[in-house]
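# Structural characterization, general
One letter stands for each residue in the lines below.
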Amino acid sequence: GQSLEQPSEVTAVEGAIVQINCTYQTSGFYGLSWYQQHDGGAPTFLSYNALDGLEETGRFSSFLSRSDSYGYLLLQELQMKDSASYFCAVRDPNYGGSQGNLIFGKGTKLSVKP
Amino acid sequence: EAQVTQNPRYLITVTGKKLTVTCSQNMNHEYMSWYRQDPGLGLRQIYYSMNVEVTDKGDVPEGYKVSRKEKRNFPLILESPSPNQTSLYFCASSLSGQGAYEQYFGPGTRLTVT
């Protein structure tokens, strides 16, 4: 079946670098997205990788290896405000015989300590 | 301001009493979707709509109905709510359902069914 695996929790200190991994198992693949969600808030889009390689947006970077069914989100120069849950997501065009099903991982709770 | 709105934000109801959660977006997006979020289970897709009058089931559609009569609105209907539908619900929209366009999420509706 379809599944996305990511660590449930990660802890790091301010100023450090942290990497959140995501491995996926889907029959089809339109690309890997990352979303951030603060406690009590709505998910917000961070990045999208359709092709292999690294995409950089400010302090955040996202990487994809389609041959390994693997991606990661890299957060640099961590700040306290980065404490949140991070979700990877894949749209599988073959899932359920339709094109619109977006499958989310269960999320990684990142705690940034002073 | 581009946004997705949901109403109500909080709702406590009793088993079997029909309810509707409204969702509206002002970005002229084709694609809209409903998710539920439960602790430890992440975001799971309930229903989605690729465009007006086009809807399809997501991962957990049982007990829910949707309609898409206008492009901007995508209400979620619970005909006979049960306690296992107690959850945090998010509506989302994106420009298109093809590929992996950025999804914009509403603020969420916290539903409690007693």
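In this report, the structure presented in the accompanying data block is examined. In this convention, every chain numbers its residues from 1, walking through the sequence in written order. Lettering for chains starts from A, numbering for ligands starts from 1, and both go in the order in which the items are written. This being a predicted model, a pLDDT of at least 70 is required before a residue's local features are given, and a value of 80 or more before pairs of side-chain atoms are given or counted; all residues contribute to the totals for chains, interfaces and linings. The basis for the side-chain values is all heavy atoms of the structure; hydrogens and waters are excluded.

What follows is about the interface of chain B and chain A. Listed by partner, the interface residues are 25 residues for chain B and 20 residues for chain A. Buried area is calculated as the accessible area (1.4 Å probe) missing from two parts once they are joined, with the contributions of both summed. Summing the contributions of chain B and of chain A, the shared interface buries around 1,800 Å²; its carbon and sulfur component is 50%. Basic side-chain nitrogens of Lys or Arg form a salt bridge, by our definition, when they fall within 4 Å of a carboxyl oxygen of Asp or Glu. For the pair chain B and chain A, the interface holds zero salt bridges. Polar contacts, as counted here, are pairs of nitrogen or oxygen atoms within 3.5 Å of one another; within protein the pair requires one atom able to donate a hydrogen and one able to accept it, and residues that are adjacent in sequence qualify only if both atoms are side-chain atoms. On the surface where chain B and chain A come into contact, there are two residue pairs in polar contact (both at pLDDT 80 or more). Here, two residues are considered to be in contact whenever any of their heavy atoms come within 4.5 Å of each other.

This paragraph deals with the sheet that holds strand β1 (residues 4–7) of chain B. Pairing between strands requires that DSSP locate at least two bridges from one strand to the other. Strands are runs of DSSP state E lasting at least two residues, helices are runs of H or I lasting at least four, and both sets are numbered from the N terminus onward. Spatially, β1-β3-β8-β7 (chain B) is the arrangement adopted by the four strands of the open sheet, whose pairing is antiparallel. Every interior strand has two partners, whereas the edge strands, β1 and β7 (65–66) of chain B, have only one.

In this section: the packing of aromatic side chains. Only Phe, Tyr and Trp rings take part, Trp by its six-membered ring, and two of them pair if their centres are within 6.5 Å. Stacked means planes under 30 degrees apart, edge-to-face means over 60, and tilted covers everything else. This model, assessed by the stated rule, comprises 13 aromatic pairs over all chains. Pairing F104(A) with F105(B) gives two aromatic rings, centres 6.4 Å apart and planes at 75 degrees, and the pair type is edge-to-face. Of the two residues, F104(A) is situated in strand β10 (residues 102–104) and F105(B) in strand β10 (residues 104–105); the pairing between them involves two chains. Classification of residues uses two cut-offs on accessible area relative to the type maximum, computed with a 1.4 Å probe and protein chains only: under 20% is buried, over 50% is exposed, and between them is partly exposed. On the basis of relative accessible area, F104(A) is assigned to the buried category, the value being 8%. Judged by its relative accessible area of 10%, F105(B) is buried. Centroid distance Y31(B) to Y48(B): 6.0 Å. Interplanar angle 25 degrees. Geometry classified as stacked. Of this pair, Y31(B) sits in strand β4 (residues 31–38) while Y48(B) sits in strand β5 (residues 42–51), placing them 17 residues apart in sequence. In terms of burial, Y31(B) and Y48(B) fall into one category: buried.

Quick look at the pairing of strand β3 (residues 18–25) of chain A now. Residue and element names in this part refer to chain A. Alternating residues of β3 divide into V18, I20, C22 and Y24, all buried, and Q19, N21, T23 and Q25, none buried. In this structure, β3 lies alongside strand β8 (residues 70–75), joined through six bridges in antiparallel fashion. For C22, the partnering residue across the bridge sits in β8 and is G71.

Before going further, it helps to spend a moment on the pairing of strand β11 (residues 109–113) of chain B. Residue and element names in this part refer to chain B. Where burial is concerned, the two faces of β11 differ: the one with T109, L111 and V113 is buried and the one with R110 and T112 is not. In terms of strand pairing, strand β2 (residues 10–13) meets β11 through four bridges, oriented parallel. Across the sheet, the residue bridging to L11 is L111, located in β11. Two elements, strand β9 (residues 87–94) and β11, share three bridges in a ladder whose sense is antiparallel.

All names here are of chain A. When two cysteine sulfur atoms are found within 2.5 Å, that pair is recorded as a disulfide. On inspection of all chains with the given rule, the structure shows two disulfides over all chains. Disulfide pairing places C22 opposite C88 at an S-S distance of 2.2 Å. Between C22 and C88 the disulfide shows an S-S torsion of about 75 degrees. By sign, it is right-handed. Separated by 66 residues along the polypeptide, C22 in strand β3 and C88 in strand β9 (residues 84–91) bring together distant segments of the chain.

Moving on, we get to the nonpolar core. The biggest cluster of nonpolar side chains holds 22 residues, and the ones touching the most others in it are W34(A), L75(A), Y86(A) and L110(A). When contributions to this core are tallied by element, the ones reaching two or more residues are β2 (9–13), β3, β4 (32–37), β7 (60–65), β8, β9 and β11 (108–113) of chain A. Dropping the residues within four chain positions of it, Y86(A) is found in contact with Q6(A), I20(A), Y35(A), Q36(A), L46(A), F60(A), L73(A), L75(A), G107(A), T108(A) and L110(A). Throughout, nonpolar core names a set of buried Ala, Val, Leu, Ile, Met, Phe, Trp, Tyr and Cys residues whose side chains join them through atoms within 4.5 Å. Counting residues in each nonpolar core, the second largest holds 19 residues, with V21(B), Y47(B), V60(B) and F74(B) among its members.

Residue and element names in this part refer to chain B. Take H29: it is sitting in the loop between β3 (19–25) and β4. Judged by relative accessible area, H29 falls into the buried class, the value being 6%. A distance of 2.8 Å separates the side chain of H29 from the side chain of S93, its partner in a polar contact. For H29, the residues in contact, after removing those within four places along its chain, are R68, K71, S93, S94, L95 and Y104.

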